[in-house]
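# Results of the structural survey
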Amino acid sequence: MKISYNWLKQYVDFDYSPQQLSEILTNTGLEIGGLEKFESIKGGLEGVVVGKVRTCTKHPNADKLSVTTVDVGEQEPLPIVCGAPNVDEGQKVLVAKVGATLYPEEDKPFPIRKTKIRGEVSEGMICAEDELGLGSSHEGIMVLDDDKQIGKPASDYFDVEQDWTLEIDLTPNRADATSHIGVARDVIAVINRMEKENKVTLKIPEISDFRVDNNDLQIPVEIRDQEACPRYSAVTLKGIKVEDSPEWLKNRLKAAGLRPVNNVVDATNYIMLETGHPLHPFDAAQIEGNKVIIQRLPENTGFQTLDGVERKLSSEDLMICDSKNPMCIAGVFGGINSGVKQETTDLFLESAYFNPTSIRKTSKRHQLKTDASFRYERGADPNVTLFALKRAAMLIKEVAGGQIASEVIDENPGNLKPWEIDLHYEKLDNLAGMSIERPIIVKILSDLGMEILEESVDKVKMLVPTFKVDVKREVDVIEEVMRIYGYNYIPLPDKMQISLSHSEKPDRDHLTNMISDFLSSNGFLEAMNNSLTAYQNANLSENIDSGHFVQILNPLSRELNVMRQDLLVGGLQTISYNSNRQNKDLMFFEIGKTYHYNPDLDKKQDVRKRYIEDHRLGIFLTGKKFRENWNKSEDAFDFYDAKYWVHNVVNRMGVDSEKLQSKPSSRDYFSEGLLYRSGKKEIGQFGKVSRKILQKFDIEQDVFYVDIAWDTLVEMTKDSGIAYQSLPKYPEVRRDLAMLLDKEVEFEQLKHLAYEKERKILKSVRLFDVYEGKNVPEGKKSYAVSFILQDPYKTLTDKLIDKTMKKLQQTFEQKLQAEIRG
């Protein structure tokens, strides 16, 4: 949300610079995310001066150009080539000198440089009004009155307003700070806390001059849903004239980040930014039946909004209607027919309070985020409707003329009243860690708008105004006091007390950080994708079950309406996003949660048992292994790179990857993949993502995905303590076997049989060659396998080695029907 520095000073007197004010507001909890200088004319006409055309001749090389010399108050006149048809000798003009920057378009600066145009030197530019931001005409250069002084800065003749825009990163609980008056309250409270003298007060605009001119335009109001619309105030105006707003109003809105529209809409937006309360003007001539009804309409009722989009309404949407048709989505967006147009002369002006929950749901349902919904869904002030209405009506009369043509309508006033809270000083002192002077506490509360009802030695009773929607409990009041008093003013105690903490083993956070550091140090980037995803992703794979999605009751959008079941989708979206930006060589990981709902469990059971959260480690490899370099190969990632990193991660966690069992993965989003187990526990799966899946994300290159069950792996580290042993004294022996096997036999089976048969001296089994083809029978394959043998207590004899290898050969022949070839 944006606040104008100059505008803020209308409500409170202070001498702090914009930079100092930013620091003050940030310390109160209104964090300033940006500070930007505002100029009513972009660039402030800096470098633009009044000049006089001394000579003007036709350009020798261009029919439509003129060569001029212009006196700008310097020793020598400036040679300037000009293309305007109306330039002439003796004119007083506006000249942008070399070094100036013009903004003919808001976001496209145009620097003035010394240049040659068709062979003639040009040291500046004689300007038209649109080139300076002073108007929209480009028919010719601006010709000034002859009394203007040569060399005088243009900013002296044109009213260039200088201001600062403060952008507040507003948290959802600070509905009271969605306006200039709301921010001014915090500024006042802080200034009065910091300054012992020169106390300041809030200057609220007067509405005592509000008068009803006549009763010529009576439009009654009927509320048919008082829960969604607890209060509705309105008034009518006749005889207004819709046109451009005065410059001061335009500048205020632009400094606060809003685009001026016309004097009526601008007036209501001005009051919204002033008070924090949205208003809506209707063209009274478009109100059928001369009546306004606040109600809900049947499901799928059609309604065309101001942006021209035809929308289907929900039966939960609150609508502002006339006697026949809907006119506006209440608190969110107006209709295309009922808004203020150039020919509008009569107004129905709305100032209402709508239920925040209703507005929030409607806004999200239709994907409409407006300045009005931003304020209503956080909780507007129900008791400011009349003030905002009268203030807006008076301002519209001022800028658009007309008369107030009805009594003020105020349906359901008084239903929402301030509430009482007791603040006990002892509780505040305990939470603050210090004792704050009682008069300071009372003054802070008063400056924030609390009405003090009663004071005593141990507590203060107050009435909390309705604009403080987040202050409901005593602890909320304490937070208000502390943020204004200043957390920086709370002294650190001389004695710090600490206690020894006991953490469960294995330490999940430590292991997570360890693996993150390990992967990062090996060239991986870490991704943090959204835990929310789209329900339609269930169509990607049979392994993503739509019946197991955890659905969001109030989704931000259709793309974020369920919790993810797998890290795959987020990773592929990341790859697609980067690939579209020419960043195709990627290796990254994510450690995050996945979410599952089990609909098969009895719903009478504890709800926590039906919802499951798992931690997963996802690793993604795609593109080339190395950046392009003369001494590096251009090999792409492959299946074995994914396997390599599975083994590395498992080993780094202290678990022996050689003892894991593997089998083909059954996940349909892998075109080829493996599953690793330790006993009955699944450690993870990895493989090459199928082309069918990649096409849905517009990914052309291969992607390899590793999905590790992080919770299971962390649990296994309990039994993987580090053991130390001396280096072996006796040598190891290698023996190789070549054998012919059925194609269906997997190396994992062979390795498992080998370890099962020889437990004492067999240290490792490795596959170093696989061959299929010429001289190998169909349906068969040739394996070349190495066996490492070692006894830690003695040197192995040839007799024992041969006996061991013969035992292994017999096992392979009997169990796997292997044919030993050497």
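Scope of this entry: the structure provided in the associated data block. (Residues numbered from 1 in each chain as written. Predicted model: local features only at pLDDT ≥ 70, side-chain atom pairs only at ≥ 80, totals over all residues. Heavy atoms only, no water.)

### Quick notes on the overall build of the chain
Counted only if it meets this: Only DSSP runs of H or I with at least four residues qualify as helices, and only runs of E with at least two residues qualify as strands; both kinds are numbered from the N terminus onward. The globule rule used here is 2.2 Å times the number of residues to the 0.38 power, and the radius of gyration it is set against is calculated over C-alpha atoms. A 1.4 Å probe rolled over the protein chains alone gives each residue an accessible area, and that area as a share of the maximum for its type sets the label: buried under 20%, exposed over 50%, partly exposed in between. Each accessible area is a Shrake-Rupley result for a 1.4 Å probe, and residues are judged covered by the shown protein chains and nothing else. Residues counted as positive are Lys and Arg, residues counted as negative are Asp and Glu, and His and the chain ends are not counted. Note on charges: their place is set at NZ of Lys, CZ of Arg, CG of Asp or CD of Glu.
When its secondary structure is counted, the chain shows 20 helices and 41 strands. Here the C-alpha radius of gyration of the chain, 38 Å, is well above what a compact globule of 822 residues would show, namely 28 Å. Its C-alpha atoms give the chain principal-axis dimensions of roughly 115 × 85 × 70 Å. Within the chain, buried positions represent 49% of all 822 residues. When the accessible surface of the chain is summed, it comes to about 43,200 Å², and 46% of that surface belongs to carbon and sulfur atoms. Between the centroid of the 109 positive side chains of the chain and the centroid of its 130 negative side chains there is a distance of 8 Å.

### Comments concerning the sheet that holds strand β1 (residues 2-4)
Under the convention used in this document: Strands are treated as partners if at least two bridges between them are detected by DSSP. Axis definition: a line fit to C-alpha positions, over the contact stretch in the case of helices; interaxial angles, taken between N-to-C directions, run 0 to 180 degrees.
On the basis of which strands lie adjacent, the open sheet formed by three strands has the order β1-β13-β2 and antiparallel pairing. With partners counted over all chains shown, the strands left at the sheet margins are β1 and β2 (32-39), one partner each. The sheet shows a mean angle of 25° between the axes of neighbouring strands, taken without regard to direction. Judged from the three bridges that link them, β1 and strand β13 (residues 162-168) form a sheet pairing that is antiparallel. Each residue of the ladder has a partner; that of Ile3, found in β13, is Leu166.

### Side note on the environment of His180
Counted only if it meets this: What makes two residues a contact is simply this: any of their non-hydrogen atoms within 4.5 Å. Residues adjacent in sequence count toward polar contacts only when both atoms are side-chain atoms; beyond that, a polar contact is any pair of N or O atoms within 3.5 Å, and within protein one must be able to donate a hydrogen and the other to accept it.
Looking at the secondary structure, you find His180 in helix α4 (residues 180-194). Residue classification places His180 among the buried positions, given a relative accessible area of 0%. Sequence-wise, His180 and Tyr11 are 169 residues apart; in three dimensions their C-alpha atoms are separated by 8.0 Å. Excluding residues within four positions of it along the chain, His180 makes contact with Lys2, Ile3, Ser4, Trp7, Leu8, Tyr11, Ala256, Leu273 and Glu274. From its side chain, His180 meets the backbone nitrogen of Ser4 in a polar contact 3.0 Å long.

### Quick look at the pattern of salt bridges
Going by this rule: For this document, the term salt bridge refers to a Lys or Arg side-chain nitrogen within 4 Å of an Asp or Glu carboxyl oxygen.
Inspection of the entire model under this criterion finds 49 salt bridges. The salt bridge involving Arg438 is made with Asp429; its shortest N-O contact spans 2.9 Å. The class for Arg438 is partly exposed, based on a relative accessible area of 27%. Glu758 is the salt-bridge partner of Lys807, the closest N and O atoms lying 3.1 Å from each other. On the criterion of sequence distance, the pair formed by Lys807 in helix α20 (residues 798-816) and Glu758 in the loop between α19 (747-757) and β39 (762-771) is long-range, its members being 49 residues apart.

### Structural notes on a negative patch on the surface
So the rule is basically this: Patch construction takes residues with relative accessible area above 30% that form no salt bridge. Like charges are linked within 9 Å, and nonpolar side chains (Val, Leu, Ile, Met, Phe, Trp, Tyr) are linked within 5 Å.
Among the surface-exposed residues, Glu31, Glu36, Glu167 and Asp169 lie close enough to one another that they form a single negatively charged patch. Topologically, Glu36 is positioned in strand β2.

### Here's the deal with unusual backbone geometry
A positive phi angle, close to 55°, is found at Arg118, a residue other than glycine. As for its position among the elements, Arg118 is in the loop between β9 (115-117) and β10 (120-122). Residue Arg118 is classed as exposed on the basis of its relative accessible area of 54%.

### As for the environment of Asp429
Relative to the helices and strands, Asp429 is located in helix α10 (residues 425-432). Judged by relative accessible area, which is 16%, Asp429 ranks as buried. As for Asp429 and Asp656, which are separated by 227 residues in sequence, their C-alpha atoms are 55 Å apart. Beyond its immediate sequence surroundings of up to four residues, Asp429 is in contact with Met434, Ser435, Ile436 and Arg438.

### What to know about the packing of aromatic side chains
How we decide: Here a Phe, Tyr or Trp ring, Trp counted by its six-membered ring, pairs with any other such ring whose centre lies within 6.5 Å, and the pair is stacked when the planes are under 30 degrees apart, edge-to-face when over 60, and tilted otherwise. Over a ring means this: the NZ of a Lys or the CZ of an Arg is within 6 Å of the ring centre and within 35 degrees of the ring normal.
Evaluation of the coordinates by the stated rule reveals 20 aromatic pairs. Between Trp7 and Tyr270, the ring centres sit 4.5 Å apart and the planes meet at 20°, which makes this aromatic pair stacked. Here Trp7, found in helix α1 (residues 5-8), pairs with Tyr270, found in helix α6 (residues 263-275); they are 263 residues apart in sequence, far enough to count as distant. Summarising the burial analysis for this pair, Trp7 and Tyr270 share the class buried. Aromatic side chains Tyr669 and Phe670 sit 5.0 Å apart centroid to centroid with 70° between the ring planes, which places their arrangement in the edge-to-face category. Overall, the relative accessible area of 1% leaves Tyr669 in the buried class. A connected cluster of aromatic rings, assembled from ring pairs, spans Phe588, Phe620, Tyr669, Phe670 and Tyr705. If you follow Arg193 out to its NZ or CZ, it ends over the ring of Tyr485, 4.0 Å from the centre. If you follow Arg581 out to its NZ or CZ, it ends over the ring of Tyr577, 3.6 Å from the centre.

### Section: the side chain of Asn412
Turning to its location among the elements, Asn412 is positioned in the loop between β25 (409-411) and β26 (419-424). In this structure Asn412 comes out as buried when scored by relative accessible area, which is 19%. Once residues within four sequence positions are removed from consideration, Asn412 is found in contact with Ile223, Gln226, Cys229, Pro230 and Arg231.

### Section: the nonpolar core
Threshold: Here, nonpolar core refers to any group of buried Ala, Val, Leu, Ile, Met, Phe, Trp, Tyr and Cys residues whose side-chain atoms link them within 4.5 Å.
Formed by 80 residues in total, the largest nonpolar core has its most connected members in Phe14, Val183, Val187, Ile396, Leu423, Leu428 and Leu445. Those residues in contact with Ile396 that lie beyond four places of it in its chain are Leu237, Ile240, Val264, Ala267, Thr268, Leu347, Leu349 and Gly401. In this structure, Ala234, Ile294, Ala330 and Ile409 belong to the second largest nonpolar core, which totals 37 residues.

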